[in-house]
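Coordinates in review
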Amino acid sequence: MLINGPVLALLRRQQTKYLIAGAMTAILHSGIFSGGWLLLRDAVPYPLVAVGAQALTVLAVYPAYRTVVFRATGPWVPGLVRFYVACAAVLLLSIACLTSLVEIAGMPVPAAQIVTALWSPVVAYPVQHLWTFRKAVAGSPPPLGGPDRSLGGRLPPATLSPAGTSGRRPSS
């Protein structure tokens, strides 16, 4: 067998899968950014190229993070919205870093993008783990509204309904 027990156990860990997915995300984002920058550098500022590359990358990698890394089971669209919001927060930090490396440190745009792309997944992990793909806890409010899928869409018995009454139906 090529992969023995300890190596296989390491590869099954969420953090390892996240680092692998993060490296693939960084490569994809860098490729999209580099292609976009080479095509558009005379017409579009590089921070806007970074925003476009981020949007395309997020759409491309969300299924892998959802199914392989975090094994999420809730609805896709709210999960994608949370994933995009978390990635947008990291994007703001990335643009600040990218701009600083280019304008202050004098680094070439492609090199600055690679540096920025490498640390972004590491910064994003806590947000993705604790918020975007958090495991639902019975009775906790869903992250973006809507029914709590951990309970099959039902209100738990002690939860108040939107009208302010008990979640239980009155007995007749």
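Basis of the calculations
- Residues numbered from 1 in each chain as written.
- Predicted model: local features only at pLDDT ≥ 70, side-chain atom pairs only at ≥ 80, totals over all residues.
- Heavy atoms only, no water.
- Helix = DSSP H or I, 4+ residues; strand = E, 2+ residues; numbered from the N terminus.
- Buried < 20%, exposed > 50% of the residue type's maximum accessible area, 1.4 Å probe, protein only.
- Contact = heavy atoms within 4.5 Å.
- Areas by Shrake-Rupley, 256 points an atom, 1.4 Å probe, with all protein chains shown as cover.
- pLDDT = per-residue confidence, 0-100.
- Axes fitted to C-alpha atoms, helices over the stretch in contact; angles between N-to-C directions.
- Parallel < 35°, antiparallel > 145°, perpendicular 65-115°, else oblique.
- Left-handed = near helix turned anticlockwise from the far one by under 90°.
- Nonpolar A, V, L, I, M, F, W, Y, C, P; charged D, E, K, R; others polar.
- Core = buried A, V, L, I, M, F, W, Y, C linked by side-chain atoms within 4.5 Å.
- Polar contact = N/O pair within 3.5 Å; in protein donor to acceptor, adjacent residues only side chain to side chain.

The next point concerns the overall build of the chain. Assigned secondary structure in the chain consists of five helices and zero strands. Each helix and strand of the chain, ordered N terminal to C terminal, gives the series α-α-α-α-α. Per-residue burial for the chain yields a buried fraction of 31% across its 172 residues. Pairs at least 24 apart in sequence give 57% of the contacts found in the chain among residues at least 6 apart. Roughly 10,600 Å² of accessible area belongs to the chain as shown, and the carbon and sulfur atoms make up 71% of that amount.

This brings us to the confidence of the model for the chain. The predicted model of the chain averages 78 in pLDDT, with 76% of residues at 70 or higher. Within the chain, helix H1 (residues 5–12) has the poorest average pLDDT of any element, 76, and helix H3 (residues 46–69) the best, 92. Low confidence marks residues 142–172, where pLDDT is under 50. Its contacts with residues over four positions away, or in another chain, come to 35 contacts.

Before going further, it helps to examine the packing of helix H2 (residues 14–40) against H3. Put simply, H2 and H3 touch, their axes get as near as 9 Å, and they point 150° apart. It follows from the interaxial angle that H2 and H3 lie roughly antiparallel. Viewed along their axes, H2 and H3 form a crossing whose handedness is right-handed. Contacts from Gln-14, Lys-17, Tyr-18, Ala-21, Gly-22, Thr-25, Leu-28, His-29, Ile-32, Phe-33, Gly-36 and Trp-37 in H2 reach Tyr-46, Val-49, Ala-50, Ala-53, Gln-54, Leu-56, Thr-57, Ala-60, Val-61, Tyr-65, Val-68 and Val-69 in H3. Residue composition of the contact of H2 with H3, by class: 16 nonpolar, seven polar and one charged.

Moving on, we get to unusual backbone geometry. In this structure, Arg-71 takes a positive phi of about 50° despite not being glycine. On the secondary structure map, Arg-71 appears in the loop between H3 and helix H4 (76–104). For Arg-71, a relative accessible area of 57% translates into the label exposed.

Time to look at the nonpolar core. The biggest cluster of nonpolar side chains holds 14 residues, and the ones touching the most others in it are Tyr-18, Tyr-65, Val-69, Phe-70, Phe-83 and Phe-133. Put simply, the parts of the chain that give this core at least two residues each are H2, H3, H4 and helix H5 (109–132). Considering each element in turn, this core owes the most residues, five residues, to H3. Counting residues in each nonpolar core, the second largest holds 11 residues, with Tyr-46, Ala-53, Leu-101 and Val-102 among its members.

This next bit is on the environment of His-29. Relative to the helices and strands, His-29 is located in helix H2. Taking relative accessible area as the criterion, His-29 reaches 9% and is therefore assigned buried. Taking the C-alpha atoms as reference points, His-29 and Ala-50, separated by 21 residues in sequence, lie 8.5 Å from one another. Excluding residues within four positions of it along the chain, His-29 makes contact with Ala-50, Ala-53, Gln-54, Thr-57 and Gln-113.

Attention now goes to the side chain of Thr-132. By the element assignment, Thr-132 lies in helix H5. Classification of Thr-132 by relative accessible area gives buried; the value is 1%. Among the polar contacts made by the side chain of Thr-132, one reaches the side chain of Gln-128 at a distance of 2.7 Å. With residues near it in sequence (within four places) discarded, Thr-132 still touches Gly-79, Arg-82, Phe-83, Ala-86 and Val-127.

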